[in-house]
Amino acid sequence: MTDTLEDMSVTRQLLEDYKKNKENQLYQAVMEIIVKANENRLKEGKRDMCNALLELMKDELDEKREKGEALGESRINQLNLKLSELNRSDEILKAAVDREYQKKLLNEFGL
């Protein structure tokens, strides 16, 4: 249990450092070397590490998911309004059931 808590603490610190230095190319290169050098060790603790990372980043991931959902909803609403304005309401239903057609329409209107 203590090892897991220590690992989570180290992971938390690594994430904080990573966020601070994500634009630093030298830092990124060093981190890639560290990951590659410890690949087997990382694979052994992969599940625990993934769970720890997910737990540490939960709030950020939830926030990004919510923003993505809101953006998607907004795009679809804009598309529906545009189709309605152009008297193309029948295409709203088609786009609702045909994902490829929906993408085509989103591109057509630059949404």
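Quick caveat: nothing in here was measured; it's all calculated off a predicted structure.

Parameters and conventions
- Residues numbered from 1 in each chain as written.
- Predicted model: local features only at pLDDT ≥ 70, side-chain atom pairs only at ≥ 80, totals over all residues.
- Heavy atoms only, no water.
- Phe/Tyr/Trp six-rings, centres within 6.5 Å; stacked < 30°, edge-to-face > 60°.
- Lys NZ or Arg CZ within 6 Å of the ring centre and 35° of its normal.
- Patch = residues over 30% accessible without salt bridge, like charges linked within 9 Å, V, L, I, M, F, W, Y side chains within 5 Å.
- Areas by Shrake-Rupley, 256 points an atom, 1.4 Å probe, with all protein chains shown as cover.
- Salt bridge = Lys/Arg side-chain N within 4 Å of Asp/Glu carboxyl O.
- Helix = DSSP H or I, 4+ residues; strand = E, 2+ residues; numbered from the N terminus.
- pLDDT = per-residue confidence, 0-100.
- Buried < 20%, exposed > 50% of the residue type's maximum accessible area, 1.4 Å probe, protein only.
- Contact = heavy atoms within 4.5 Å.
- Core = buried A, V, L, I, M, F, W, Y, C linked by side-chain atoms within 4.5 Å.

**Things to note about the packing of aromatic side chains**
Scanning the model with the defined rule gives zero aromatic pairs in all. Here the basic side chain of K94 rests over the ring of Y101, its NZ or CZ set 4.2 Å away from the ring centre.

**Some points on a nonpolar patch on the surface**
On the surface, L26, V30 and I34 cluster together into a nonpolar patch covering about 280 Å² of accessible area. Topologically, I34 is positioned in helix α2 (residues 25-37).

**Regarding the confidence of the model for the protein**
A residue-level look at the protein finds 78% of positions with pLDDT of 70 or above and a mean pLDDT of 81. Averaged pLDDT values over the elements of the protein bottom out at 65 in helix α3 (residues 39-44) and peak at 95 in helix α6 (residues 99-108).

**Focus: the pattern of salt bridges**
A pair can form between side chains of opposite charge whenever their charged atoms are brought close. Scanning all chains against the criterion turns up five salt bridges. Its salt-bridge partner being E91, residue R88 comes within 2.6 Å of it at the nearest N-O pair. Assigned by exposure class, R88 and E91 land together as buried. Among the salt bridges present, the one from R88 reaches E108, with a minimum N-O distance of 3.0 Å. Taken together, the positions of R88 in the loop between α4 (46-85) and α5 (89-97) and E108 in helix α6 put the pair 20 residues apart, joining distant regions of the chain. The class for R88 is buried, based on a relative accessible area of 19%. Of the residues examined, E108 reaches a relative accessible area of 43% and is grouped as partly exposed. One continuous salt-bridge network, built from bridges that share partners, spans R88, E91 and E108.

**Focus on the side chain of Q102**
You can see Q102 is positioned in helix α6. Taking relative accessible area as the criterion, Q102 reaches 12% and is therefore assigned buried. In this structure Q102 touches I76, L79 and A95, once residues within four positions along its chain are discounted.

**Some words on the nonpolar core**
Formed by L79, L83, A95, Y101, L105 and L106, the largest nonpolar core amounts to six residues. For this core, the elements supplying multiple residues, two or more each, are α4 and α6. The greatest single-element share of this core, amounting to three residues, is contributed by α6. If we skip the residues at most four places from it in the chain, L106 touches R75, I76, L79 and L111.

**Looking at the environment of I92**
For I92, the position within the fold is in helix α5. I92 sits in the partly exposed class, given a relative accessible area of 23%. Residues I92 and L105, 13 residues apart in the sequence, show an inter-C-alpha distance of 9.7 Å.

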